[in-house]
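# Per-entry structural report
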Amino acid sequence: MTTDVTDTGLGTIRAGILGGGFMARVHRTAARDAGGELRAVATGSASGGRRAAGELHAARAEDDAAALLVADDIDIVHICTPNATHAELAAHALEAGKHVVCEKPLATNAADARRLADLAAARGRVVAVPFVYRYHPMVREARARVAQGDVGELLTLDCSYLQDWMLLPTDDDWRVHSTSGGESRAFADIGSHLCDLVEFVIGQRIRSLSARSRRVFAERGGRSVDTEDLVAILVETDSGALGTLLISQMAAGRKNALTLELHGSRQSLRFEQERPEELWVGMRDESRILLRDPLAAAEDSARLQRVPAGHSMGYQDAFNGFMADVYAAVGGEHRDGLPTFEDGYRSAVLTEAVLASAADGGRWTEVAA
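Residues numbered from 1 in each chain as written. Predicted model: local features only at pLDDT ≥ 70, side-chain atom pairs only at ≥ 80, totals over all residues. Heavy atoms only, no water.

### Overview of the nonpolar core
Core analysis: the biggest nonpolar cluster contains 71 residues, and Val100, Leu209, Ile233, Leu245, Ile247 and Phe341 have the highest contact counts within it. Top element by residues in this core is helix α8 (residues 186-202). It accounts for 10 residues. Look past the residues within four positions of Phe341 in its chain and what remains in contact with it is Ala90, Leu94, Val100, Cys102, Leu106, Leu116, Ala117, Ala120, Val127, Ala128 and Val129. Ala34, Ala52, Leu304 and Val330 belong to the second largest nonpolar core, which has 32 residues in total. (Core = buried A, V, L, I, M, F, W, Y, C linked by side-chain atoms within 4.5 Å. Buried < 20%, exposed > 50% of the residue type's maximum accessible area, 1.4 Å probe, protein only. Helix = DSSP H or I, 4+ residues; strand = E, 2+ residues; numbered from the N terminus. Contact = heavy atoms within 4.5 Å.)

So, in structure tokens, the structure goes:
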């Protein structure tokens, strides 16, 4: 079970949220589940802030981000704004002495992400990036089985993250434009989750890659598009395992299909985010479907299982588990697997490697450590 931050001795942690969309609602729910109190919300306009504060049931709305960041009754800031604003807002929040949860990408370039990670360390603040798929209990089960040697030597990976929300030429969003979303869309948006999950579960890094990307429509909603719709990547890990990663926001019928399949010398493991209660275990002589059960799970998996077997857990539960770890860290506790700004920096490094390789026709590219 997760720990309520009101048990840390520091009292209730007071939160402020920048942004008022879907992710702001997810953060609000998770923060309250962790025992936090939503004090204030701010968006791009004062009227938008008032509307969002009402919808999120915040104590008040601030006129703008600057006012929220300096408010003395806020301990932690949740940044749920367009990508291009993340680095500046996170820096201002840290300089104001706040703890920070920043949606990914942490920054639209690796240099800015590095500066933020260094600033957080210098200020001694708790900082996190919501790579929340780490918090599905069956992901932790897979990680534990890899770590204890059940899989054997990792040989290959077959992984993908597929969505269809950009399938039509009329589908449009601020993310498709580099000025607001950054130079990468499909990879930075969902490929970043996939790579984080791969490295987290296997316990090693992607050391080199070859990427090809494609932009299917030159225009969306009457505006020009300068970011990719899909990416195919070949990867090699530290141990020499080879893998394929397919990332697409134009896979008809696929809503949030993140799949991780690992092939080892003894076993294979497969996790599907849309079937989060299951872990497929493949062997030469038999295959099994392992169902989530806190009574039979690895310790790190069991601690995230808030309900008994047979009572389904999903995306919001994973986000709640992530936020519980963030708020526990603010209270001085250590929680294994919490994704920090260092992980946000790693994601930015991978994004730049993918973009560089794709721009050079798929050239094999070393990924910086």
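Further notes follow.
### Some points on the sheet that holds strand β8 (residues 206-214)
One open sheet holds the 9 strands; their spatial order is β16-β15-β14-β13-β7-β12-β11-β8-β17, and the pairing between them is mixed. The open sheet has two free edges, formed respectively by β16 (287-291) and β17 (365-366), since each of these has just one partner strand. Direction of pairing for strand β15 (residues 278-282) relative to β16: antiparallel, over a ladder of 5 bridges. Each bridged residue has a counterpart across the sheet, and for Trp280 the counterpart in β16 is Ile289. In this fold helix α6 (residues 137-147) packs onto β13 (257-264), β14 (268-272), β15 and β16, with an angle of close to 30° to the strand it touches most, β15. Docked against the sheet, α8 engages β7 (154-162), β8, β11 (230-237), β12 (242-248) and β13, running at close to 150° with respect to β12. (Pairing = 2+ DSSP bridges. Axes fitted to C-alpha atoms, helices over the stretch in contact; angles between N-to-C directions.)

### Section: empty space enclosed by the protein
On inspection of all chains with the given rule, the structure shows 1 cavity of 30 Å³ or more. Approximately 40 Å³ is the volume found for the largest cavity. Among the secondary structure elements, those contributing two or more residues to the lining of the largest cavity are β1 (14-18), α1 (22-33) and β2 (37-42). With 3 residues, α1 is the largest single contributor of residues to the lining of the largest cavity. (1 Å grid on protein atoms, 1.4 Å probe; cavity = no way out; pocket = protein on both sides within 12 Å on 5 of 7 lines; lining within 4 Å. Points joined across faces, edges and corners; volume = space filled by probe spheres on them.)

### With respect to the pattern of salt bridges
The tally for this structure, following the rule as stated, stands at 33 salt bridges. The salt bridge involving Lys255 is made with Asp164; its shortest N-O contact spans 2.8 Å. Here Lys255, found in the loop between β12 and β13, pairs with Asp164, found in the loop between β7 and α7 (178-181); they are 91 residues apart in sequence, far enough to count as distant. Residue Lys255 is classed as exposed on the basis of its relative accessible area, which comes to 56%. Close ionic contact of Arg335 with Glu333 constitutes a salt bridge, the shortest N to O distance being 3.0 Å. Here the salt bridges share partners, and the residues they tie into one network are Arg140, Arg143, Asp300, Arg303, Asp325, Glu333, Arg335 and Asp336. (Salt bridge = Lys/Arg side-chain N within 4 Å of Asp/Glu carboxyl O.)

### A short note on the sheet that holds strand β5 (residues 99-102)
Here 6 strands make up an open sheet; going across it, the order is β3-β2-β1-β4-β5-β6 and the pairing parallel. Two strands bound the open sheet, and with one partner strand each, they are β3 (60-61) and β6 (127-128). Inspection of the sheet shows strand β4 (residues 76-79) paired to β5 by 4 bridges, in the parallel sense. Across the sheet, the residue bridging to His78 is Val101, located in β5.

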